[in-house]
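Here is how the chains run, residue by residue.
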Amino acid sequence: MDTKELLKKVRKIEIKTRRLSDHIFGGEYHSTFKGRGMTFSEVRQYQFGDDVRNIDWNVTARYNEPYVKVFEEERELTMMLMVDISGSKLFGTAEQFKNDVATEIAATLAFSATQNNDKIGLILFSDEIELYIPPKKGRSHVLRIIRELIEFEPKSKLTNISEALKFLSNVMKKKAIVFVLSDFIADDYKQTLKIAANKHDITGIRIYDKHEESIPNLGMVQMEDEETGELLLVDTMSKKARTNYSKYYYEKVEYYKDTFTKSGAGTIDCRVDESYVKKLLGYFKRR
C-alpha cells in the first residue's frame, strides 16, 4: 500500500470512528471506566444541600462564612489495545475481513479514550510480540496506532494469547483498561489471564465470521490452515469431519467465555456482518 493510499484509508477510518466516539462512546466510556479517585479542586461558598463534611474550616474562619472544598474525579487512565494479528485475522466472507472490523473497533475505543484525556497504548501480537507502542495521549498518537493496524505485516501466522498477556503484565505496572481483540481460536491462557485480570480491567472482544462456525457440504475440498499454512484435503461430505470441525470450534469459543468470566474479565462477541456499535454500547451500559 503506498503512502497516499494509506493516509486516505487512515483518514476514512478516523472520520467514521471519531464520529462514533464523539456522539456515542465518549460519555459511555467515561461513565463505565472511572478514574482513580477524587482530587481537591477549589473552595467555594457553602450552598444549601452541600455535605457539611466538606466544609473547609480554615477558610470559613478567615472569611467568617462557610466555605466548602470542591473535589473532582482524578480522571487520567491508560487504555491498552491488544490486537491479534495472526493468520486467521484475514478470514472474512461477508462485507469485511476480521482485521478491518478489529481496526475500526480499536480506533473507536482509542478516540473515546482520547476524548477523556486518557493515554492509549498498542500491543500487536501473534505467537510473539510483533509491535509495542507505549501509552501516550493525543490525536496524532491515535492516528499512528490506526496506521499500524492497517499496514503492519506480522512475522508469524501463529497465535499465543498467553505470551501477549505475560508481556502486558511485565510492561504495565499500573492498572490499565485493556481490550484484547482476537478470534480466540487458541487455548492455554487461563493462568496468565487470571494474573493479568487481577491487576487490570480486561475485556475480550471476539471477532468472528459466521462461516467459521461450520463447514458446508462441498465434497472434497483443499483447505489451508491460515496459521500454519498447511494444505489439507478435507472430505466435507463426511458428517464426522463436519461434526469434528464444529466441535473443535465451539470448544475454543467455550474456553474463551469460561476463562474470561472466571477471571472477572468482560466479553463482547462481534460478528463481522453485525453492528459492533450496538455490541459496544450494550456492553458499556451493562457495566
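You'll find the structure just up there.
First, a word on scope: everything that follows refers to the structure included in this document. (Residues numbered from 1 in each chain as written. Predicted model: local features only at pLDDT ≥ 70, side-chain atom pairs only at ≥ 80, totals over all residues. Heavy atoms only, no water.)

Time to look at the overall build of the chain. Per the secondary structure count, the chain includes eight helices and 10 strands. Within the chain, buried positions represent 46% of all 287 residues. Considering only intrachain contacts with a sequence separation of at least 6, the fraction spanning at least 24 residues in the chain is 75%. Carbon and sulfur atoms provide 50% of the accessible area of the chain, an area that totals close to 15,500 Å². (Helix = DSSP H or I, 4+ residues; strand = E, 2+ residues; numbered from the N terminus. Buried < 20%, exposed > 50% of the residue type's maximum accessible area, 1.4 Å probe, protein only. Contact = heavy atoms within 4.5 Å. Areas by Shrake-Rupley, 256 points an atom, 1.4 Å probe, with all protein chains shown as cover.)

This part is about the pairing of strand E5 (residues 129-136). Across five bridges, the pairing between strand E4 (residues 119-125) and E5 is antiparallel. Each residue of the ladder has a partner; that of Leu122, found in E5, is Ile133. Here E4 folds back onto E5 in antiparallel fashion, the turn holding three residues. (Pairing = 2+ DSSP bridges.)

The next thing to look at is the environment of Glu130. The residue Glu130 is located in strand E5 in this model. When the C-alpha atoms of Glu130 and Phe152 are compared, they prove to be 9.0 Å apart, with 22 residues separating the residues in sequence. Not counting residues up to four positions away in its chain, the partners in contact with Glu130 are Ile85, Leu124, Phe125, Phe152, Pro154, Lys155 and Ser156. Side-chain polar atoms of Glu130 contact the backbone nitrogen of Ser156, separated by 3.1 Å. (Polar contact = N/O pair within 3.5 Å; in protein donor to acceptor, adjacent residues only side chain to side chain.)

Residues spaced three or four apart along an α-helix point in a common direction, a consequence of the helix completing one turn every 3.6 residues. Compared with an ideal rise of 1.5 Å per residue, which puts 13 residues at 18 Å, helix H4 (residues 139-151) spans 18 Å between its outermost C-alpha atoms and is within 8% of the ideal. Those residues of H4 that sit buried are His141, Val142, Leu143, Ile145, Ile146, Glu148, Leu149 and Ile150. (Expected span 1.5 Å × (residues − 1).)

Let us look at the sheet that holds E4. Sheet architecture is open: six strands sit in the order E5-E4-E3-E6-E7-E10, paired in mixed fashion. Each edge of the open sheet carries a strand with a single partner, namely E5 and strand E10 (266-271). Pairwise comparison of adjacent strand axes, ignoring direction, gives a mean angle of 15° for this sheet. As paired strands, strand E7 (residues 201-208) and E10 are joined by six bridges and run parallel to one another. Bridge pairing in E10 links Tyr208 to Arg271. Of the strands in this sheet, E7 and E10 are in contact with helix H7 (residues 239-262), which crosses E7 at around 160°. (Axes fitted to C-alpha atoms, helices over the stretch in contact; angles between N-to-C directions.)

Looking now at the nonpolar core. In this structure, Leu81, Ile105, Ile146, Phe179, Leu181, Ile205 and Ile207 are the most contacted members of the largest nonpolar core, which totals 46 residues. Top contributing element to this core by residue count: helix H3 (residues 98-115), with nine residues. Discounting chain neighbours no more than four positions away, the residues touching Ile205 are Ile105, Leu109, Phe179, Val180, Leu181, Ser182, Phe184, Tyr256, Ile268, Cys270 and Leu280. Residues Met80, Phe125, Ala164 and Leu165 belong to the second largest nonpolar core, which totals 22 residues. (Core = buried A, V, L, I, M, F, W, Y, C linked by side-chain atoms within 4.5 Å.)

As a further point, take the pattern of salt bridges. A side chain of one charge can pair with a side chain of the opposite charge when the charged atoms of the two come close. Considering all chains together, one arrives at 16 salt bridges under this definition. Put simply, Lys252 and Asp187 hold a salt bridge, and the shortest N to O gap is 3.3 Å. Of this pair, Lys252 sits in helix H7 while Asp187 is found in the loop between strand E6 (177-182) and helix H6 (190-199), placing the two residues 65 residues apart along the sequence. In the salt-bridge network here, residues are joined through shared partners; they are Lys210, Arg271, Asp273, Glu274 and Lys279. (Salt bridge = Lys/Arg side-chain N within 4 Å of Asp/Glu carboxyl O.)

Below, the discussion takes up the side chain of Thr78. Residue position: Thr78 is located in strand E3 (residues 78-84). When its relative accessible area of 15% is taken as the criterion, Thr78 is described as buried.

Bringing the packing of aromatic side chains into the picture now. As enumerated under the stated definition, the model contains 10 aromatic pairs in all. Taking 5.5 Å as the distance between ring centres and 40° as the angle between the ring planes, the aromatic pair formed by Tyr63 and Tyr67 counts as tilted. Here Tyr189 and Phe260 contribute two aromatic rings whose centre-to-centre distance is 6.3 Å and whose plane-to-plane angle is 65°, an arrangement assigned as edge-to-face. Of the two residues, Tyr189 is situated in the loop between E6 and H6 and Phe260 in helix H7; the sequence distance between them amounts to 71 residues. The structure contains a cluster of three or more aromatic residues connected by ring pairs, namely Phe184, Tyr189, Tyr255, Tyr256 and Phe260. Arg206 extends its terminal NZ or CZ atom over the ring of Tyr208, reaching a point 4.0 Å from the ring centre. (Phe/Tyr/Trp six-rings, centres within 6.5 Å; stacked < 30°, edge-to-face > 60°. Lys NZ or Arg CZ within 6 Å of the ring centre and 35° of its normal.)

Note that Leu122 resides in strand E4. A residue is classified by how much of its surface remains accessible, and Leu122, at 0% relative accessible area, is buried. For the pair Leu122 and Val178, spaced 56 residues apart in sequence, the C-alpha to C-alpha distance is 9.8 Å.

In short, geometric facts, not functional conclusions.
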